[in-house]
Amino acid sequence: MIYTIEAENYRIELGSLQESSFEYFMNVNYPNSRKIILVDENTNEHCLEYLLTSYSFLSNAEVIVLPQGEENKVMDICMQVWETWSEYGFERQDVLINLGGGVITDMGGFIASLYKRGIDFVNIPTSLLAMVDASIGGKTGVDLGSYKNQIGLFVNPKAVFIDPGFIHSLPEGEVFNGFAEMLKHGLALNEGHWNELVTMIDVVKEINEEHIYNSLLLKNTIVLEDPFESDLRKKLNFGHTIGHALEGYFFENDPISHGYAVALGILAESYISFKRNYLTLSEFSQIEKVLLMHYFPIDLSNESLNEIYQLMKNDKKNKNGEIKCVLLISIGQSVINKTISELEIIDSLEYLNRLFLEAKKD
Ligand SMILES: NC(=O)c1ccc[n+]([C@@H]2O[C@H](COP(=O)([O-])OP(=O)(O)OC[C@H]3O[C@@H](n4cnc5c(N)ncnc54)[C@H](O)[C@@H]3O)[C@@H](O)[C@H]2O)c1
């Protein structure tokens with residue numbers, strides 16, 4: 001069965017790629033275009049063959065392989081790709097297929113949108129995180145040093161084909177990275193989704209197509225209401241104000257994944273919501289229990305706290321130098337544009353560190 005979701009000006013299909021309209025879509029829209037496939041070294045190894053052996057129309061596709069990892073989501077790599085495309089003589093009517101996780105869909109969309117003032121791209125996400133979040137919604141871009149997604153554009157793909165089969169080769173830790181964004185969707189937007197996720201004991205085994213569908217439907221609905229994040233869409237940033245700062249802080253020495261950083265950000269921002277009496281003790285305790293069941297807390301030295309705070313001060317979502325955050329008022333309901341103080345931030349980071357010290361003891 002194929003689930004179909006109408007997005008802003010494109011269609012998302014979820015289900016086996018071979019049962020989807022991928023081939024038809026490409027033949028109708030790009031019969032004479034050259035096809036470029038962007039992969040990273042892991043999706044080159046684990047996902048590309050399936051695509052190439054399933055579709056003869058891709059037999060002449062040019063495959064561009066990028067190094068894997070967030071540290072490569074940078075302008076230098078984009079420059080190299082643009083130079084290669086230029087050498088190969090790709091034209092404006094050619095089309096890019098992004099086959100990868102969120103790094104490939106974010107960066108591929110960005111590269112495509114600027115090459116010759118924009119070529120079309122199609123996303124085939126291969127990580128859980130990209131399936132439920134990164135591949136839809138039109139945010140594309142790259143990082144600038146420790147600052148995440150600092151350079152970017154809102155540009156929609158022409159279509160998104162989500163085949164959960166790709167998850168089979170995904171390392172377990174990466175499943176939890178995607179799961180963090182799903183928990184975020186539940187907490188910030190819909191209690192029912194949260195409830196269906198928290199019953200899972202073995203996430204890797206239990207996650208299924210319906211969970212993915214429900215999660216991406218929540219994201220798509222909010223993006224449709226507020227595509228350029230002037231208002232409601234900001235709810236999707238729950239867990240990200242502190243999460244991005246943690247990701248940025250650890251980036252230089254001992255990088256942590258985006259999903260793990262978001263899980264920690266969810267804990268810290270739920271803690272602030274609880275301290276403000278927005279969340280009840282029982283709601284907060286449930287969030288803490290679920291998060292700690294799947295994610296080990298992080299070691300934050302006293303010296304790191306101020307540096308993490310400084311990174312937050314430079315978040316692109318700030319207004320007039322104030323640090324804005326999404327907070328929870330109950331499970332499934334969130335409020336945007338809440339100014340959080342230095343004291344609250346440091347307190348929440350100390351809370352994370354206490355969790356680490358307690359977990360280490362056990
Ligand atoms: N645009 C958005 O709205 C949005 C939303 C959330 C996150 N993001 C971005 O997404 C990125 C994180 O995405 P991610 O977690 O997918 O990272 P990622 O693309 O780095 O993928 C994680 C790892 O899994 C590997 N991988 C992916 N699919 C695989 C498969 N099927 N089999 C084996 N290995 C596979 C990748 O090579 C990589 O090593 C971040 O850059 C984040 O900023 C964007």
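The rules behind these values
Residues numbered from 1 in each chain as written. Predicted model: local features only at pLDDT ≥ 70, side-chain atom pairs only at ≥ 80, totals over all residues. Heavy atoms only, no water. Core = buried A, V, L, I, M, F, W, Y, C linked by side-chain atoms within 4.5 Å. Buried < 20%, exposed > 50% of the residue type's maximum accessible area, 1.4 Å probe, protein only. Helix = DSSP H or I, 4+ residues; strand = E, 2+ residues; numbered from the N terminus. Domains from an automatic or database assignment. Contact = heavy atoms within 4.5 Å. Near = heavy atom within 4 Å. Polar contact = N/O pair within 3.5 Å; in protein donor to acceptor, adjacent residues only side chain to side chain. Areas by Shrake-Rupley, 256 points an atom, 1.4 Å probe, with all protein chains shown as cover. Nonpolar A, V, L, I, M, F, W, Y, C, P; charged D, E, K, R; others polar. Phe/Tyr/Trp six-rings, centres within 6.5 Å; stacked < 30°, edge-to-face > 60°.

### A word on the nonpolar core
- One finds Phe22, Leu246 and Leu352 to be the most contacted residues of the largest nonpolar core, which totals 101 residues.
- Among the elements that take part in this core, helix α12 (residues 258-275) stands out by supplying 10 residues, more than any other.
- Here this core gathers at least three residues from each of two domains, domain 1 (3-169) and domain 2 (172-361).
- When neighbours within four sequence positions are excluded, Leu246 is seen to be in contact with Ile256, Leu264, Leu300, Ile308, Leu349 and Leu352.
- Listed in part, the 21 residues of the second largest apolar core include Leu66, Val81, Trp85 and Ile111.

### Observations regarding the site of the ligand
- Of all residues adjacent to the ligand, which total 28 residues, the nearest are Asp40, Gln68, Glu70, Lys73 and Ser127.
- A distance of 2.8 Å separates a nitrogen atom of the ligand from a polar side-chain atom of Thr126.
- Between the ligand and Asn149 there is a distance of 3.5 Å, counted from an oxygen atom to a side-chain nitrogen or oxygen.
- Against a free-state accessible area of 850 Å², the protein chains account for coverage of 93% of the ligand.
- Elements supplying a minimum of two residues to the shell around the ligand: α2 (41-46), α5 (102-114), α6 (128-134), β8 (147-154) and α7 (172-189).
- When the residues that make up the shell around the ligand are grouped by side-chain class, the tally is 7 nonpolar, 11 polar and 10 charged.
- Looking at the shell around the ligand, you find at least three residues from each of domain 1 (3-169) and domain 2 (172-361).

### Description of the packing of aromatic side chains
- In the structure shown here, the tally under the stated rule is 20 aromatic pairs.
- Ring centres 5.9 Å apart and planes at 65° place the aromatic pair Phe25 and Phe161 in the edge-to-face group. Residue Phe25 is located in helix α1 (residues 22-29), and its partner Phe161 is located in strand β9 (residues 159-162); the two are separated by 136 residues in the primary sequence. Accessibility assignment for this pair places Phe25 and Phe161 in one class, buried.
- Seen from their ring centres, Phe274 and Phe284 are 4.8 Å apart, and the 5° between their planes marks the pair as stacked. You can see Phe274 sitting in helix α12 and its partner Phe284 sitting in helix α13 (residues 281-294), a full 10 residues away along the chain.
- Taken together, the aromatic side chains of Phe22, Phe25, Tyr30, Tyr55, Phe57 and Phe161 make up a single cluster linked through ring pairs.

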